[in-house]
Amino acid sequence: MASDIVPEKLTVMGKENTDYLLSLFRTIPGFPKAGIKFRDYMPLLADAKGLGILLEALDRALPVPADQIDAIAGLEARGFLIGVPLAARLGKGFVAVRKAGKLPPPVEHADYSLEYGTASLEIEEGIIRPGTRVLIVDDLIATGGTAHAAKTLIESVGATICGYSFIMRLDGLDGCDQLGDASISSLVSMPA
């Protein structure tokens, strides 16, 4: 287990399962560039036991009760990997929040700022009805820019964000602060 990965909501799974899941995380120093520690959770998905523990942990650590969620919105691309099985587990629909140009028209669209420039997110027009309570899921919350843009996009069609669910949270980047007073859950945290 990497000593700087701190189990947060993951502890709902008990010590043995928590330790097992943490043992599957890989930390790759200097990737994709010097000074970065890349946190690889793909071994969790490749391990049947790890995947089961991960999905149960996400379910148990929901930031709001499941009956307050109507749909799961996964952020491209890694949010799809956990969003679809979580939605199926909860008996909810899944909405793909895609990068611009990946969906056929017509689409709903929102631009957001990056460190150097802008990017865009899209959802299919009419895929979310007004009044729908949406849980946004992704693998990682860092600066919060993408999650905030997804919130703006989803709210623009009259839906409500009921919370956010992440596997990992990077400390020191204040990403959760970008999401206001929303209910947020992350299974583990680690330094940026």
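Chains are numbered independently. Their residues run from 1 in the order of the written sequence. Per-residue local features are limited, in this predicted model, to residues with pLDDT of at least 70; the limit for side-chain atom pairs, both in listing and counting, is 80 or more; totals at the level of whole chains, interfaces and linings are taken over all residues. Water and hydrogen atoms play no part in the side-chain values, which are based on all heavy atoms of the structure.

> An account of the nonpolar core is requested, with residue identities and associated values reported.
To form a nonpolar core, buried Ala, Val, Leu, Ile, Met, Phe, Trp, Tyr and Cys residues must be joined to one another through side-chain atoms within 4.5 Å. Burial classes follow relative accessibility: with a 1.4 Å probe on protein chains only, a residue under 20% of its type's maximum area counts as buried, one over 50% as exposed, and anything between as partly exposed. Formed by 32 residues in total, the largest nonpolar core has its most connected members in Leu 10, Phe 25, Leu 54, Leu 58, Ile 167, Leu 187 and Val 188. A run of H or I in DSSP counts as a helix once it spans at least four residues, and a run of E counts as a strand once it spans at least two, with each numbered from the N terminus. Secondary structure elements with two or more residues in this core: helix H1 (14–24), helix H3 (48–60), helix H4 (78–90), strand E8 (133–141), strand E9 (160–171) and strand E10 (184–191). Of all the elements, H3 adds the most residues to this core, at 5 residues. The contact criterion used is simple: two residues touch if any of their non-hydrogen atoms lie within 4.5 Å. Ignoring sequence-local partners within four residues, the contact set of Leu 54 consists of Leu 21, Leu 44, Leu 45, Ile 82, Ile 167 and Leu 187. Membership of the second largest hydrophobic core comes to 24 residues, among which are Leu 75, Ala 150, Tyr 164 and Leu 179.

> How would you explain the pattern of salt bridges if you had to name every residue and give the values?
For this analysis, a salt bridge means a side-chain nitrogen from Lys or Arg found within 4 Å of a carboxyl oxygen belonging to Asp or Glu. Applying the stated criterion across every chain yields a total of 12 salt bridges. For Asp 4, the salt bridge identified is with Arg 39, shortest N-O distance 2.8 Å. Note that Asp 4 is positioned in the segment before strand E1 (6–7) and Arg 39 in strand E3 (residues 37–40), a separation of 35 residues in sequence. Each member of the pair Asp 4 and Arg 39 is classed as buried. Two residues, Asp 40 and Arg 26, come together in a salt bridge whose shortest N-O distance is 3.0 Å. Taken as a pair, Asp 40 in strand E3 and Arg 26 in strand E2 (residues 26–29) lie far apart in primary sequence, 14 residues in all.

> Could you give me a rundown of the pairing of E10, with the residues and numbers involved?
With 6 of 8 residues buried, E10 lies mostly within the body of the structure. Only when DSSP finds a minimum of two bridges between them are two strands counted as paired. The sheet contact formed by E1 and E10 spans 2 bridges and is antiparallel. Its bridge partner lying in E10, Val 6 is registered against Ser 189. Relative to E10, E9 runs parallel, the two sharing 7 bridges. When the bridges of E10 are listed, Leu 170 appears paired with Met 190.

> So what about the environment of Ile 123? Which residues, and what values?
Note that Ile 123 resides in strand E7 (residues 117–124). With 17 residues separating them in the primary sequence, Ile 123 and Pro 106 have C-alpha atoms 9.0 Å apart. Residues contacting Ile 123, with those up to four places away along its chain left out, are Val 95, Ala 96, Val 97, Leu 103, Val 107, Glu 108, Ile 128, Leu 153 and Val 157.

> A description of the packing of aromatic side chains should follow, citing residues and the corresponding values.
Stacked, tilted and edge-to-face are the three classes assigned to paired rings of Phe, Tyr and Trp, where Trp is represented by its six-membered ring and a pair needs centres within 6.5 Å; plane angles under 30 degrees give stacked, over 60 edge-to-face, the rest tilted. One pass over the full model with this rule turns up 3 aromatic pairs. Summarising the aromatic geometry, the rings of Phe 80 and Phe 94 are spaced 6.0 Å apart at their centres and angled 85° between planes, so their arrangement reads as edge-to-face. Here Phe 80, found in helix H4, pairs with Phe 94, found in strand E5 (residues 93–99); they are 14 residues apart in sequence, far enough to count as distant. Under the relative-accessibility criterion, Phe 94 is labelled partly exposed at 26%. Ring geometry for Tyr 164 against Phe 166: centres 6.2 Å apart, planes inclined by 10°, an arrangement best described as stacked. Of the two residues, Tyr 164 and Phe 166, both sit in the buried class.

Any functional reading would require information that these geometric values do not contain.
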